[in-house]
Amino acid sequence: MTTLTETAPTFDCRADFADELAALARADERIVAVCNDSVGSSNLAAFREEFPSRLVNVGIAEQDMVGVAAGLSNAGFVPFVSAAAPFLTGRALEQIKADIAYTHRHVVLCGQSPGMAYGELGPTHHSIEDLSWMRAVPGLEVIVPADPAETRAAVRYAAASGTPTYLRIPRFKVPAVTPDGTPFTTGRSVRLADGGDVTLIAVGTMVSRALDAAGLLARDGISARVLNMTFVEPLDVAAVVAAARETGAIVTAEEGLLSGGLGAAVAKAVAEQHPVRVQMLGVPGFAPTGSTSFLLDHFGLNADGIADAARTVLQQRGPAR
């Protein structure tokens, strides 16, 4: 069976992020970018050339970067803070909590190259904790686009939302999965495939792989629903509970730690409102060094791994109701 991730064109969503940000800046003088010596890795060179006075490069000083953004927001600007996800979230977590979320500043925190995108640079550069950390900060929306179209929609949404936002921008190339005309709405997921036997809930780089897994399961006569859970916070609880009620089994897949991220959010909703079997796929602890593709395969974060998890959770559930 040929799969979406093997045959479809793939895209680096950082380019779509930068293009959409520049388009917004042309229309709104309040839009500014703040970075930590990351112009190249954030694809902001063209933005700097077009808007030299609207890009603030603080150097390798992530805490200052977030503090500067809070001040700019307080002065009426809409800052997009762009930095490698492990350093933005790890080094500046206190400033994100106190300067952005607690004071409800309209700042868009853009975590570039999240998950294991910096695979060969090892555990210091893996950003597998960010979803857990950012979910724990009250009042901070957490958005994980799955492809170029969602990345552009997320940038537009965040610029207009008036809300502190963490936006995870994939570096690892992904295929397009979002149907044309799909609305981008606060706390709403997107159903990409219908099914009644099991639900696959995925974010970011895992969404296309969940669709491929649904194809593998279909060959075994298993009908899988696929949800792209774009908002990890606020979670689309209604869609999760409907999936639990209508399919009776759920698998979650995320390029991040198992503790505190997407799987934890889904499991909480299920446990509180409609308990069913949930199998969580992600990273159990520190990840080794290796290419992103190798690491995803190593942790079973691929079509085969997701399909196997679905078979396991169906066996645990027992005979179909």
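Before reading further, recall that the structure is shown in the block above.
Residues numbered from 1 in each chain as written. Predicted model: local features only at pLDDT ≥ 70, side-chain atom pairs only at ≥ 80, totals over all residues. Heavy atoms only, no water.

S.K.: Describe helix H6 (residues 93–101), with residues and values.
M.R.: Along H6, the residues that are buried comprise Gln-95, Ile-96, Ile-100 and Ala-101. Here the buried residues of H6 occupy an arc of 145 degrees about the axis, which is enough to place them on one side. Relative to its buried face, H6 has exposed residues pointing more than 90 degrees away, namely Glu-94 and Lys-97. For H6, the elements touching its buried residues are helix H4 (62–74), helix H5 (85–91), strand S5 (108–112) and helix H7 (130–135). (Buried < 20%, exposed > 50% of the residue type's maximum accessible area, 1.4 Å probe, protein only. Helix = DSSP H or I, 4+ residues; strand = E, 2+ residues; numbered from the N terminus. Arc of directions from axis to C-beta. Contact = heavy atoms within 4.5 Å.)

S.K.: Give a detailed account of the sheet that holds strand S2 (residues 31–35), specifying residues and quantitative values.
M.R.: Sheets are built from strands paired through backbone hydrogen bonds, the pairs being either parallel or antiparallel. Spatially, seven strands are ordered S3-S2-S4-S5-S7-S6-S12 in an open sheet, and the strand pairing comes out mixed. With one partner strand each, in any of the chains shown, strand S3 (55–57) and strand S12 (231–233) form the two edges of the open sheet. Here the average twist between neighbouring strands, direction ignored, is 20 degrees. Note: strand S4 (residues 78–84) against S5, five bridges, orientation parallel. (Pairing = 2+ DSSP bridges. Axes fitted to C-alpha atoms, helices over the stretch in contact; angles between N-to-C directions.)

S.K.: Got a sec to walk through the nonpolar core? Specific residues and values, please.
M.R.: Formed by 40 residues in total, the largest nonpolar core has its most connected members in Leu-88, Leu-109 and Val-240. When contributions to this core are tallied by element, the ones reaching two or more residues are S2, H4, S4, H5, H6, H7, helix H10 (237–247) and helix H11 (262–273). Those residues in contact with Val-240 that lie beyond four places of it in its chain are Ile-201, Met-229, Leu-235, Ile-250, Val-266, Ala-269 and Val-270. Listed in part, the 38 residues of the second largest apolar core include Val-207, Ala-287, Ile-306 and Val-313. (Core = buried A, V, L, I, M, F, W, Y, C linked by side-chain atoms within 4.5 Å.)

S.K.: I'd like a rundown of the sheet that holds strand S10 (residues 198–202), residues and numbers included.
M.R.: In space, the five strands of this open sheet follow the order S9-S11-S10-S13-S14, with mixed pairing throughout. Two strands bound the open sheet, and with one partner strand each, they are strand S9 (190–193) and strand S14 (277–283). Adjacent strand axes in the sheet meet at a mean angle of 25 degrees when their direction is disregarded. Pairing geometry for S10 and strand S11 (residues 224–228), over five bridges, is parallel. The residue bridging Ala-202 from the neighbouring strand is Asn-228, located in S11.

S.K.: Can you explain the packing of helix H2 (residues 13–27) against helix H8 (residues 148–161)? Please cite residues and give values.
M.R.: Where H2 meets H8, the closest approach of the two axes is 9 Å, and the angle between their N-to-C directions is 35 degrees. Considering only the axes of H2 and H8, their crossing is right-handed. Of H8, the residues touching H2 (which contributes Cys-13, Asp-16, Phe-17, Asp-19, Glu-20, Leu-21 and Leu-24) are Pro-148, Thr-151, Arg-152, Val-155, Arg-156 and Ala-159. A class-by-class count of the residues in the contact of H2 with H8 yields seven nonpolar, one polar and five charged. (Left-handed = near helix turned anticlockwise from the far one by under 90°. Nonpolar A, V, L, I, M, F, W, Y, C, P; charged D, E, K, R; others polar.)

Distances and angles like these do not, on their own, reveal function.
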